[in-house]
Amino acid sequence: MQFESYWHNTAQPFAGGAQGPVEGHYDVAVIGAGFTGLAAARQLAKTGVKVVVLEAERVGWGASGRNGGHLNNGLAHSFLSAKSALGVERAVALYKAFDDSIDTIEAIIAEEGIDCNFRRAGKLKLASKPQHFDAIAHNFEAVHREVDPDTALLTASDLKSEVGSPFHGAMLSKKSAMMHMGRYVAGLATAATRHGAAIFEKASVTAHRQGNGRHSLETARGTVTADHVLVATGAYTPSLFNYFRRRIISVGSFLIATRPLTDAEIAAAMPGNRTCVTSMNIGNYFRLSPDKRLIFGGRARFSAKSDQRSDARSGDILRASLAEIFPQLAGVEIDYCWGGLVDMTKDRYPRAGYVDGVWYAMGYSGHGAQLSTHLGMIMADAILGKADRNPIKGLEWPAVPGHFGKPWFLPLVGLYYKTLDRFQ
């Protein structure tokens, strides 16, 4: 078993990183070479803006290369709760932004010729308990009527041709998609450089100063100045950007990938070949990879760590969860086990805008694979002074009380959600 992201291991790495020292002046400096930063850089470079991307590790090293491979439309919350928390207008706008996000990704893939196995698969929100189906059905009625008619409510009987596990029904979101995340992020980076962006890897930002209308960014490879800065680092935001560190809770998310399954195993476990997510608070999400592996993930442990030891312990938990959901695959070999950090906000809504002299987009809360490309482009347009399309502009973002960068409270949060799952 390899303790490495399947997406990293099965994609050709980006090879267009800038050589030499980090130096000079740029119109825009983007910090972070994930989906958000690369999409913004591409959008800016296409208009002739001189843009540099500064990445602490390698392109796609963080959440963009460590996720479950889902491009799901819809919200992290129920649409009903979003309307209550955000108001009808903003809830609808945010829901439609997720729809637009998948359209945006599909258009970029076509325009740039990125081979990344993109497919409109549809997503199943699976009811793990009978009472969960009642809540899913209630939410479905509002979604289908008010914002997304490309949805369907499936009964437990309907699911027999979709998933080889006894769930109690599901909501099907037909716009949802999947792709190979490693191939996409490398292709997006290549497209950004083709349009003129400079991408420096192994260039972690260690100091940031502002003065006289300019930013100075010191990195491990040198120093640049820029007129504008976009922070697109999510859960991996460095401590020098303390405003975000106090508002982002970095939570570990973990995944395993089986060996390639036989056609008979697929027919028994995942005949529908969609993206799937269960309805538990500490639930699981899964899909088939392009080479027929089951990629199975979840919040196996409430931790802010992702290293080989932590990943291995979480992998054991995920293996047990996989066997519980799919007993027919209980003995299947696991080829990959990996983890990464998710940039959670307290209310699990993303944030994007301008604060303390810098632009930012982050806080995707486990739903960033789909929204990040789109929101990166929206923030690039904002920097360019174009029409404001930010669906979350002005959304209040208070600091998390008692949180200063290291989420000491995560075990308590995990215990709370485990208790909810036991009794709800």
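First, a word on what this report is: a plain description of the structure on this page. Keep in mind the model is a prediction, meaning the values are calculated, not measured. (Residues numbered from 1 in each chain as written. Predicted model: local features only at pLDDT ≥ 70, side-chain atom pairs only at ≥ 80, totals over all residues. Heavy atoms only, no water.)

### Quick look at the overall build of the protein chain
Okay, so step 1: Check the secondary structure of the protein chain and you find 11 helices and 18 strands.
Okay, so step 2: The C-alpha radius of gyration computed for the protein chain amounts to 21 Å, which stays within 12% of the reference 22 Å derived for 424 residues, consistent with globular compactness.
Okay, so step 3: Taking the principal axes of the C-alpha coordinates as reference, the protein chain spans close to 65 × 45 × 45 Å.
Okay, so step 4: The distance from the centre of the 46 positive side-chain charges to the centre of the 39 negative ones in the protein chain is 4 Å. (Helix = DSSP H or I, 4+ residues; strand = E, 2+ residues; numbered from the N terminus. Rg over C-alpha atoms; globule rule 2.2 N^0.38 Å. Lys, Arg positive; Asp, Glu negative; His and termini not counted. Charge placed at Lys NZ, Arg CZ, Asp CG, Glu CD.)

### A short note on the sheet that holds strand β13 (residues 275-278)
Okay, so step 1: Pairing is mixed in the open sheet, where 8 strands are placed in the order β5-β6-β4-β13-β14-β15-β12-β16. Among the strands making up the open sheet, the edge pair consists of β5 (151-154) and β16 (334-344). Direction aside, the axes of adjacent strands within the sheet are offset by 20° on average.
Okay, so step 2: As judged from the 5 bridges shared by strand β14 (residues 284-288) and strand β15 (residues 294-298), these two strands associate in the antiparallel manner. Note on β15: the bridge partner recorded for Arg-287 is Ile-295.
Okay, so step 3: Along the sheet, helix α5 (residues 130-146) makes contact with β4 (123-126), β5 and β6 (170-173), crossing β5 at roughly 155°. (Pairing = 2+ DSSP bridges. Axes fitted to C-alpha atoms, helices over the stretch in contact; angles between N-to-C directions. Contact = heavy atoms within 4.5 Å.)

### Here we look at the pairing of strand β10 (residues 214-219)
Okay, so step 1: As defined by bridge partners, strand β9 (residues 205-211) adjoins β10 across 6 bridges and the pair is classed as antiparallel. Residue pairing across strands places Ala-207 opposite Glu-218, the latter belonging to β10.
Okay, so step 2: Once β9 ends, the chain turns through 2 residues before running back antiparallel as β10, passing Asn-212 with a positive phi of about 55°.
Okay, so step 3: Looking at chain direction, β10 and strand β11 (residues 222-231) are connected through 5 bridges and run antiparallel. Its bridge partner lying in β11, Leu-217 is registered against Val-224.

### So, the environment of Tyr-6
Okay, so step 1: Here Tyr-6 is to be found in helix α1 (residues 6-9).
Okay, so step 2: In this structure Tyr-6 comes out as buried when scored by relative accessible area, which is 1%.
Okay, so step 3: Spatially, the C-alpha atoms of Tyr-6 and Arg-66 are 8.1 Å apart, while their sequence positions differ by 60 residues.
Okay, so step 4: For Tyr-6, the residues in contact, after removing those within four places along its chain, are His-180, Ser-289, Pro-290, Asp-291, Arg-293, Ile-295, Tyr-336 and Trp-338. (Buried < 20%, exposed > 50% of the residue type's maximum accessible area, 1.4 Å probe, protein only.)

### What to know about the nonpolar core
Okay, so step 1: Judged by nonpolar contacts, the single largest core of 76 residues is most densely connected at Leu-71, Phe-118, Met-179 and Tyr-184.
Okay, so step 2: Top contributing element to this core by residue count: helix α4 (residues 88-112), with 10 residues.
Okay, so step 3: Those residues in contact with Tyr-184 that lie beyond four places of it in its chain are Phe-35, Ile-105, Ile-108, Ile-109, Ile-114, Cys-116, Met-179 and Thr-373.
Okay, so step 4: One finds Leu-172, Phe-254, Phe-296 and Val-332 within the second-largest nonpolar core, a separate group that totals 28 residues. (Core = buried A, V, L, I, M, F, W, Y, C linked by side-chain atoms within 4.5 Å.)

### Here's the deal with the environment of Ala-18
Okay, so step 1: Within the secondary structure, Ala-18 sits in the loop between α1 and β1 (25-31).
Okay, so step 2: Setting aside its immediate chain neighbours within four residues, Ala-18 contacts Ile-199, Phe-200 and Arg-221.

### Digging into the side chain of Thr-345
Okay, so step 1: Structurally, Thr-345 is set in the loop between β16 and β17 (351-355).
Okay, so step 2: Reaching out from Thr-345, the side chain makes a polar contact with the backbone nitrogen of Arg-348 at a distance of 3.0 Å.
Okay, so step 3: Not counting residues up to four positions away in its chain, the partners in contact with Thr-345 are Arg-247, Ile-248, Arg-351, Gly-363, Ser-365 and Trp-397. (Polar contact = N/O pair within 3.5 Å; in protein donor to acceptor, adjacent residues only side chain to side chain.)

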